[in-house]
Amino acid sequence: MHRPRVLLAEDHRGIAEELRKLLETEFDVVATVADGHALLRAAEDAQADVIVTDIVMPGHDGIAATVALCTRRPGTRVVIITVHDDPKLAELSYAAGALAFVSKHRAGDQLVPAVRAALRGERYVSTSD
C-alpha cells in the first residue's frame with residue numbers, strides 16, 4: 001500500500017522531530033530540511049506528494065519558498081505551519097499557493113487533517129479554538 005510522501009521543512013530540530021512523529025502516523029516523511037534553500041533543492045529530488053513548511057526559516061522563508069515551488073511546478077501541494085496566529089500570514093500563504101495553513105499550537109490535532117486535505121487538493125484553515 002502506497003503511503004503519501006511528505007517533505008518537511010522546519011529549522012528547529014526539536015519541533016521538526018515532533019512534527020515528523022505526527023506525520024509518520026499516516027505518511028512517509030521522505031526528507032526533513034532546516035532552511036528554505038535546502039527545501040527548494042530537496043523538492044526537486046524527494047518526489048513528495050505534499051510539502052510541509054514553516055514560515056520563518058533561514059534562507060527563503062516558507063512563503064517565498066512556496067511561491068518558488070508553485071512557480072516551478074504548478075500543482076505543488078504545500079502546507080504552511082507557523083507559531084504566528086496572524087490572519088494576514090494565512091492570506092499571504094494562500095496567495096503564494098499553499099493549500100493549508102496550520103498553527104503549530106494546533107499541530108497535534110490539525111496537521112494530519114491539513115495534509116490529508118492538501119492531498120485532495122482542498123484548502124484547510126487551522127481553527128484557533
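Read on for a plain summary of the structure. (Residues numbered from 1 in each chain as written. Predicted model: local features only at pLDDT ≥ 70, side-chain atom pairs only at ≥ 80, totals over all residues. Heavy atoms only, no water.)

**Here we look at the packing of helix α3 (residues 62–72) against helix α4 (residues 87–96)**
- Viewed as axis vectors pointing N to C, α3 and α4 meet at an angle of 15°, and their least axial separation amounts to 8 Å. The orientation of α3 relative to α4 falls into the category roughly parallel. In the packing of α3 onto α4, the handedness of the crossing is right-handed. Touching I63, T66, V67 and C70 of α3 are L89, L92, S93 and A96, all from α4.
- For the contact of α3 with α4, the per-class residue count stands at 6 nonpolar, 2 polar and no charged. (Axes fitted to C-alpha atoms, helices over the stretch in contact; angles between N-to-C directions. Helix = DSSP H or I, 4+ residues; strand = E, 2+ residues; numbered from the N terminus. Parallel < 35°, antiparallel > 145°, perpendicular 65-115°, else oblique. Left-handed = near helix turned anticlockwise from the far one by under 90°. Contact = heavy atoms within 4.5 Å. Nonpolar A, V, L, I, M, F, W, Y, C, P; charged D, E, K, R; others polar.)

**What about α3?**
- Listed as buried for α3 are G62, I63, A65, T66, L69 and C70. All buried residues of α3 project into a common sector of 155° when viewed along the axis, lining one side.
- Elements in contact with the buried residues of α3: α2 (36–46), β3 (50–54), β4 (78–82) and α4. (Buried < 20%, exposed > 50% of the residue type's maximum accessible area, 1.4 Å probe, protein only. Arc of directions from axis to C-beta.)

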